[in-house]
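What follows is each chain in one-letter form.
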Amino acid sequence: MRIDVVSIFPEYLAPLELSLIGKARQDGLLDLSVHDLRDFTTDRHRTVDDTPYGGGAGMVMKPEPWAQALEAVAATGPGADASAGAPAQKPVLIVPSPAGERFTQAIAHELAEEDQLVFACGRYEGIDERVLEWAAEHFTVRPMSLGDYVLNGGEVAVLAMVEAVGRLLPGVVGNPESLVEESHSDGLLEYPVYTKPSTWRDREVPAVLLSGNHGKIAQWRRHEQYRRTAERRPDLLEAFDAGALPRADRTAFADLGYDVVDGRLRRRPEA
Ligand code: ADE
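Model, not experiment: these values are computed from the prediction.

### Regarding the environment of Arg227
Next up, step 1: One can find Arg227 in helix H6 (residues 214-232).
Next up, step 2: The class of Arg227 is partly exposed, set by a relative accessible area of 30%.

Below, the structure is given as structure tokens:
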């Protein structure tokens, strides 16, 4: 996969040289470049922003440096050479913004299938909206939010999204099994984990995990997923397919205050 990140603070993206993502780049699994938006300006001051039409606080990012930068990264991307015959896949342009669609594990999986991702890091009040309209001719444009809070710019969001997508690329995570049993892989939060010693500061590891009974362990872990999700993220249970749950799992949900109605979990009204 090829990833291009455009930012006025390229140094902010330095952590992408570390750990799993850094290793994936070294191993040739991920071809990632960071570009300085100011390199695509033409004035002496390398200006990237201007005052907003209509007035108001802050500054808005000028459109032309963005168009120049995005044209340059698309022109050198894997889809640029259509001579191979197959229709070129448009690169995906991800614009981090609190006004974007919510980034999820499902979207990380979708993005991991793409040939080229381009991340456009906005700063100030954002990028002139016409850039997104224009870019739709050359890219699949996806404004994307990490969550309902405001960061100072897109760079931190890009670090998160590149890591979430990059670890799904074949060969990046050493043991692919670890991608299966983790939070959000099945619409639930992950079960709690423990390691040695079995007694630590008077606290015991749950006995079932020492029992060697793999069926019981799997069931306990599943029920812990239900308990945690009900407690911390009940919203996730609305989409959970409860149609084929074994009786013991229905009982576990009943103990948490949920009944199964038409294959969906329904919170029992408080008595
Ligand atoms: N830029 C500023 N806030 C953001 C957020 N919550 N998610 C993604 N990008 C952002």
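Back to the write-up after that little detour.
### Concerning H6
Next up, step 1: In a regular helix each residue adds 1.5 Å, so 19 residues correspond to 27 Å; H6 covers 27 Å between its end C-alpha atoms and thus fits that length.
Next up, step 2: Here the buried face of H6 lies against helix H7 (234-237), helix H8 (247-255) and strand E10 (258-261).
Next up, step 3: Two or three places before Gly215, at the opening of H6, Asn213 has a side-chain oxygen 3.2 Å from that residue's backbone nitrogen.

### Brief notes about the pairing of E10
Next up, step 1: In terms of strand pairing, E10 meets strand E11 (residues 264-267) through four bridges, oriented antiparallel. Of the residues in E11, the one forming a bridge with Val261 is Arg264.
Next up, step 2: From the end of E10 to the start of E11, which pair antiparallel, there are two residues, and Asp262 there has a positive phi angle of about 50°.

### Some words on a nonpolar patch on the surface
Next up, step 1: Together, Phe9, Tyr12, Tyr149, Leu151 and Val156 make up a nonpolar patch on the protein surface, roughly 430 Å² of accessible area in all.
Next up, step 2: Positionally, Val156 belongs in helix H5 (residues 155-166).
Next up, step 3: The partly exposed category is assigned to Val156, whose relative accessible area is 38%.

### Side note on the packing of aromatic side chains
Centre distance and the angle of the planes are the two values used to describe a pair of aromatic rings.
Next up, step 1: Here the structure, examined in full by the defined rule, presents five aromatic pairs.
Next up, step 2: An angle of 65° between the planes, with centres 6.0 Å apart, marks the rings of Tyr226 and Phe240 as edge-to-face. Residue Tyr226 is found in helix H6, and its partner Phe240 is found in the loop between H7 and H8; the two are separated by 14 residues along the sequence. Phe240 carries the same exposure label as Tyr226, and that label is buried.
Next up, step 3: With 6.0 Å between their ring centres and 50° between their planes, Phe240 and Phe253 make a pair best called tilted.

### Structural notes on the site of the ligand
Next up, step 1: Every residue near the ligand is listed here: Pro96, Ser97, Pro98, Met144, Ser145, Leu146, Gly147, Tyr149, Val150, Leu151, Gly153 and Ala157.
Next up, step 2: Between Ser97 and the ligand, the recorded distance is 3.1 Å, taken from a backbone N or O atom to a nitrogen atom.
Next up, step 3: At a separation of 2.9 Å, a nitrogen atom of the ligand approaches a polar backbone atom of Leu146.
Next up, step 4: The protein chains hide 96% of the 260 Å² of surface that the ligand would expose on its own.

### Notes on the nonpolar core
Next up, step 1: Counting 29 residues, the largest nonpolar core has Ile3, Ile94, Phe103, Leu111, Leu117, Phe119 and Val162 as its most contacted members.
Next up, step 2: Of all the secondary-structure elements, those providing two or more residues to this core are strand E1 (2-7), helix H1 (19-26), strand E5 (92-102), helix H3 (105-111), strand E6 (116-120) and H5.
Next up, step 3: When residues in this core are grouped by element, the largest group, seven residues, is from H5.
Next up, step 4: Sequence-distant contacts of Leu117, defined by excluding residues within four places in its chain, comprise Met1, Arg2, Ile3, Asp4, Val92, Ile94, Leu111 and Val165.

### Considerations on the sheet that holds E5
Next up, step 1: Pairing is parallel across the open sheet formed by five strands, whose spatial order is E2-E1-E6-E5-E7. Only two strands of the sheet have a single partner each, and these edge strands are strand E2 (31-36) and strand E7 (140-145). Sheet twist, expressed as the mean angle between neighbouring strand axes with direction ignored, is 25°.
Next up, step 2: For E5 and E7, the ladder comprises seven bridges, and the chain directions are parallel.

### Structural notes on the packing of H6 against H8
Next up, step 1: The contact between H6 and H8 brings their axes to 10 Å, and the two run at 35°. Here H6 and H8 pass one another in a crossing that is right-handed. Two secondary-structure elements touch here, H6 through Gln219, Arg222, His223 and Tyr226 and H8 through Ala248, Asp249, Ala252 and Phe253.

### Things to note about the pairing of E6
Next up, step 1: Most of E6 is tucked away: five of the five residues are buried.
Next up, step 2: As paired strands, E5 and E6 are joined by three bridges and run parallel to one another. By the bridge assignment, Leu93 is partnered in E6 with Val118.

### Focus: H8
Next up, step 1: Looking at H8, one finds that the buried residues are Asp249, Ala252 and Phe253. Buried residues of H8, seen end-on, are gathered within an arc of 95° and therefore sit on one face of the element. Within H8, the exposed residues directed more than 90 degrees away from the buried face are Arg247 and Asp255.
Next up, step 2: In this fold, the buried residues of H8 make contact with H6, H7, E10 and E11.

What counts and what doesn't
Note on numbering: residues in each chain are counted from 1, in written sequence order. The predicted origin of the model limits local features to residues at a pLDDT of at least 70 and limits the giving and counting of side-chain atom pairs to 80 or more, whereas totals for whole chains, interfaces and linings rest on all residues. To get the side-chain values, all heavy atoms of the structure are used, and hydrogens and water are removed first. Only DSSP runs of H or I with at least four residues qualify as helices, and only runs of E with at least two residues qualify as strands; both kinds are numbered from the N terminus onward. Only protein chains enter the accessibility calculation, which uses a 1.4 Å probe; a residue is then buried when its area is under 20% of its type maximum, exposed when over 50%, and partly exposed in between. Working rule for helices: expected span equals 1.5 Å times residues minus one. Contacts are assigned to residue pairs with any non-hydrogen atoms lying within 4.5 Å of each other. Here a polar contact means two N or O atoms within 3.5 Å. Within protein one must be a hydrogen donor candidate and the other an acceptor candidate, and residues neighboring in sequence count only if both atoms are side-chain atoms. Being paired, for any two strands, means DSSP has found at least two bridges between them. Nonpolar side chains (Val, Leu, Ile, Met, Phe, Trp, Tyr) within 5 Å and like charges within 9 Å form the patches, drawn only from residues with over 30% relative accessible area and no salt bridge. Working definition of accessibility: Shrake-Rupley area with a 1.4 Å probe, residue cover restricted to the visible protein chains. Put simply, a salt bridge is a Lys or Arg side-chain nitrogen that is within 4 Å of an Asp or Glu carboxyl oxygen. Here is the rule: rings of Phe, Tyr and Trp (six-membered ring for Trp) pair when centre to centre is within 6.5 Å. Planes less than 30 degrees apart are stacked, more than 60 are edge-to-face, and the remainder are tilted. When we say a residue is near a molecule or strand, we mean one of its heavy atoms is within 4 Å of it. Buried Ala, Val, Leu, Ile, Met, Phe, Trp, Tyr and Cys residues that are joined via side-chain atoms within 4.5 Å together make up what is termed a nonpolar core. Simply put, an axis is a line fit to the C-alpha atoms, just over the touching stretch for a helix, and the angle between two N-to-C directions goes from 0 to 180 degrees. Working rule for handedness: look at the near helix, and if it is turned counterclockwise from the far one by less than a right angle, call the crossing left-handed; if clockwise, right-handed. What the arc describes is the spread of directions from the helix axis to the C-beta atoms.

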